[in-house]
Amino acid sequence: MSEKTLHLRLGIFTCLVALFLIFYAIPSFVFSPSNVGNIILSPLFWPYVLAGLTVIVGLGLLANAVTSAKDTPFEDEETVHPEGSAPWMRLGALAVIMVLVMVGLPTLGMVWTAMLAFAACAFLFRTRHPVAAVVCAVIVPLLLYAFFAHVAGVAIPQGNFVRLP
């Protein structure tokens, strides 16, 4: 299978999934009260935003497939992977991280657990930018906490050790 064919198939599939979400799944299964004052806090807003972004990604894949001149095939799938069993070990380590996240959520809280999980995944998959990964591992959960706790008024689970304001 070539890259052009892959992008074409993924683009069509992505657009179909997004259209299914927009026209059937979200209207049928996401319930919203009629008295929500702020559109951003409406339960319908973010699903529609994500479905719209999915349409944009699908259209981008289709545009890439249509405009690309080369039809280069991927390397043969039967070739031996140069890393040997490393991908399976990474998959096992990712499963361990997921279990630790579930165990750590009640004790550490959502923000601190998310920070540790983000950093662990970044180093598990050998990021080329370790400093940026650590900075993002700290800042992204804190910003999300600030938005949901202070702007949206949603209670975020806190840990037993350190409580955020």
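The paragraphs below set out a description of the structure included in this document. Given the structure is predicted, the values throughout are model-derived calculations rather than measurements.

Scanning the chain from N- to C-terminus turns up five helices and zero strands. For the chain, the N- to C-terminal ordering of α and β elements is α-α-α-α-α. Seen through its C-alpha atoms, the chain measures out along the principal axes to roughly 55 × 45 × 25 Å. Across the 165 residues that make up the chain, the buried fraction comes to 22%. At a minimum sequence separation of 6, the contacts of the chain that also span at least 24 residues come to 62%. As displayed, the chain has an accessible area near 11,900 Å², and 74% of this comes from carbon and sulfur atoms. Averaged over its 7 positive side-chain charges, the chain has a centre that lies 13 Å from the centre of its 7 negative ones.

Moving on, we get to helix α4 (residues 110-124). An α-helical turn contains 3.6 residues, so any two residues separated by three or four positions project in the same direction. For α4, with 15 residues, the first-to-last C-alpha span of 20 Å sits near the 21 Å given by 1.5 Å per residue. If you follow the buried residues of α4, they end up packed against α3 (86-108) and α5 (130-151).

So, on to the packing of aromatic side chains. The full count for this structure, using the stated rule, is four aromatic pairs. A centroid spacing of 4.8 Å and a plane angle of 80° characterise the contact between Phe45 and Trp46, whose relative ring orientation is edge-to-face. Judged by its relative accessible area of 25%, Phe45 is partly exposed. Between Phe147 and Phe148 the ring centres are 5.0 Å apart and the planes differ by 80°, which places this aromatic pair in the edge-to-face class.

Moving on, we get to the side chain of Ser2. Within the fold, Ser2 resides in the segment before α1 (3-29). Its relative accessible area of 8% is what places Ser2 among the buried residues. Among the polar contacts made by the side chain of Ser2, one reaches the side chain of Thr5 at a distance of 2.9 Å.

Conventions and cut-offs
- Residues numbered from 1 in each chain as written.
- Predicted model: local features only at pLDDT ≥ 70, side-chain atom pairs only at ≥ 80, totals over all residues.
- Heavy atoms only, no water.
- Helix = DSSP H or I, 4+ residues; strand = E, 2+ residues; numbered from the N terminus.
- Buried < 20%, exposed > 50% of the residue type's maximum accessible area, 1.4 Å probe, protein only.
- Contact = heavy atoms within 4.5 Å.
- Areas by Shrake-Rupley, 256 points an atom, 1.4 Å probe, with all protein chains shown as cover.
- Lys, Arg positive; Asp, Glu negative; His and termini not counted.
- Charge placed at Lys NZ, Arg CZ, Asp CG, Glu CD.
- Expected span 1.5 Å × (residues − 1).
- Phe/Tyr/Trp six-rings, centres within 6.5 Å; stacked < 30°, edge-to-face > 60°.
- Polar contact = N/O pair within 3.5 Å; in protein donor to acceptor, adjacent residues only side chain to side chain.

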